[in-house]
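Structural overview for review
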Amino acid sequence: MTKYVIKGGNPLHGTIHISGAKNAAVAIIPAALLVDGVCRIENVPQISDVTLILQILRELGADVRIVNRSTVEVDCSHIRNRQVPYELARKIRASYYLVGALLSRFGWAEVPLPGGCDLGGRPIDQHIKGFVAMGAEVDVRNGLIYARVPDRCRLPGGQVYLDMVSVGATMNIMLAAALAQGMTVIENAAKEPHIVDLANFLNSMGADIRGAGTDVIKIHGVERLRGGSYSIIPDQIEAGTYMAAVAAAGGEVLIQNVIPKHLDCITAKLVEMGVDVEEQDDALLLRRTSAMGRVNVKTMPYPGFPTDMQPQIAAALCVARGTSVLTEGVWDNRYRYVDEFRRMGAKIQVDGKVAVIEGVEHLTGAPIHACDLRAGAAMIIAGLAAQGTTEIDGIYHIERGYETIVDKLAAVGADIRVVTVPGEDMQSQVG
Ligand code: EPZ
């Protein structure tokens, strides 16, 4: 079993370079299925979710060439096998993008239901509603999603109104619509930076997608997409995680390779807490030298405060002065980490989607379990701010989404290391 062992109390000083965005990469790589020719994708994060999605494409018959540590070339021109392997697909949430991509390219898809972090119910009814509105027949049985275009191989396209803002449904419908015969309009679309990134990737390969980043996206289907080069945007949530780490542990860190605009929602809260944030072209300089104050935070779709930063800001608020109220506005159950924080002396009460955090003078190190990706990142932050030693197991969750997190933190002065002890990792469903 592999653990992270953290001796808390060191303020952080130095520079952290942010990798490519996980939630963009796991959509853009399957989008290569739509393209005739080689897609060169740069700024790809080296994380286990990306390894898995590339493995799935290889199993489908794609040529995948790792050019260097952040660049990959994918050629799906000669895909023959369209049956997605169950064992791989169920490990990752983003495998649902294979439905939109295969349906768009071949008019037919058979994909296992996706896995994913346990955040409460994670239905895919909006994805299915979108495919059906575009002219597909969709059926879910025996753990598989079957989707096909009756009597022809290209989807007609159609009008889709999403009942709730869904990142996954917006991207999946964009994928399905890119090669449709007609036009598709998505209303009440999600506006996250990775939505715009997927649209930019597809447009750079010849698609005609307008309005990404607003709540109405129009996709004129085109006959074919051709190969090309594309660089993925920096990871908003990875950057936000290190911002929360500097807030919790104190110090001064330059966070490089970011798009500051994408981080406005996080910056605003940290500034309200008393952290100095200085914006530069593609970097943010964070400084925290005195005590932090309380804030209230409600998570919302972009440009609101991201749900994927909720556990990390909670870790910082555990050591802020005063009582903060955190409201989860996206997922039903994203407070599973709270019991672990309590082991470290945090004072948190949860009632449904609301958590009340009473700041304490300091947390104390403890053995804890990373129950999902962002919760795991938050536990690292808590460990950095705590007095004494924190041991985190379940770190495979963290490695799904954070490239070399231990090295990046150690380089700015954190006392964190990876330790392997006899025993088995309880790795099961991730995504
Ligand atoms: C994406 O999940 C991200 N995952 C999540 O990040 C992120 O938390 C989430 O978007 C919200 O930003 C990936 O991009 C791979 P949604 P997704 O569809 O697309 C409900 C991380 O830590 N809903 O936007 O699955 C749903 O239950 C992960 O990196 C339906 O009811 O999320 C939720 O309440 C965790 N029916 C809300 O909408 C649907 O068909 C938003 O979900 C789809 C969603």
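Residues numbered from 1 in each chain as written. Predicted model: local features only at pLDDT ≥ 70, side-chain atom pairs only at ≥ 80, totals over all residues. Heavy atoms only, no water.

1. A look at the sheet that holds strand β16 (residues 283–288)
As a reminder, the rule being used: By this definition, two strands are paired if DSSP reports at least two bridges between them. Think of it this way: any DSSP run of H or I at least four residues long counts as a helix, any run of E at least two long counts as a strand, and we number them from the N terminus. All axes here are fitted lines through C-alpha atoms, helices being fitted over the stretch that makes contact, and every angle between N-to-C directions spans 0 to 180 degrees. In what follows, residue pairs with any heavy atoms lying within 4.5 Å of each other are defined as contacts.
Ordered by their spatial adjacency, four strands build an open sheet running β2-β14-β16-β15, and the pairing between neighbours is mixed. Pairing within the sheet leaves two strands with one partner each, and these edge strands are β2 (12–17) and β15 (276–279). In this sheet, adjacent strand axes meet at a mean angle of 10° when their direction is disregarded. For β15 and β16, the ladder comprises four bridges, and the chain directions are antiparallel. From the neighbouring strand, glutamate 279 faces β16, where its bridge partner is leucine 284. Here helix α8 (residues 236–249) sits on the sheet and contacts β2, β14 (251–256) and β16; the angle it forms with β16, its principal contact strand, is near 20°.

2. A few points about the state of the cysteines
Put simply, the rule is: By disulfide we mean two sulfur atoms from cysteines, separated by a distance within 2.5 Å. Exposed residues in this analysis have more than 50% of their type's maximum accessible area, buried residues have under 20%, and partly exposed residues fall in between, with area computed by a 1.4 Å probe over protein chains only.
Within this structure, the stated rule accounts for zero disulfides. Distance from the sulfur of cysteine 39, which forms no disulfide, to the nearest cysteine sulfur (cysteine 76) is 6.9 Å. Judged by relative accessible area, cysteine 39 falls into the buried class, the value being 0%.

3. Remarks on empty space enclosed by the protein
Basically, it comes down to this: Using only the protein atoms, space was sampled on a 1 Å grid; points where a 1.4 Å probe fits but cannot get out form cavities, open sets with protein on both sides within 12 Å along at least five of seven lines form pockets, and lining residues are those with an atom within 4 Å of a point. Grid points are joined across faces, edges and corners, and a volume is the space filled by probe spheres set on the points. Put simply, Ala, Val, Leu, Ile, Met, Phe, Trp, Tyr, Cys and Pro go in the nonpolar bin, Asp, Glu, Lys and Arg in the charged bin, and everything else, Gly too, in the polar bin.
Counted by the stated rule, this structure contains three cavities of 30 Å³ or more. The volume enclosed by the largest cavity comes to roughly 90 Å³. Looking at the largest cavity, the residues that line it are Ala21, Lys22, Asn23, Pro193, His194, Ile233, Pro234, Asp235, Gln236, Ile237 and Arg374. Those elements that place two or more of their residues in the lining of the largest cavity are α1 (22–31), α7 (193–204) and α8. Residues belonging to the lining of the largest cavity are distributed by class as follows: five nonpolar, three polar and three charged.

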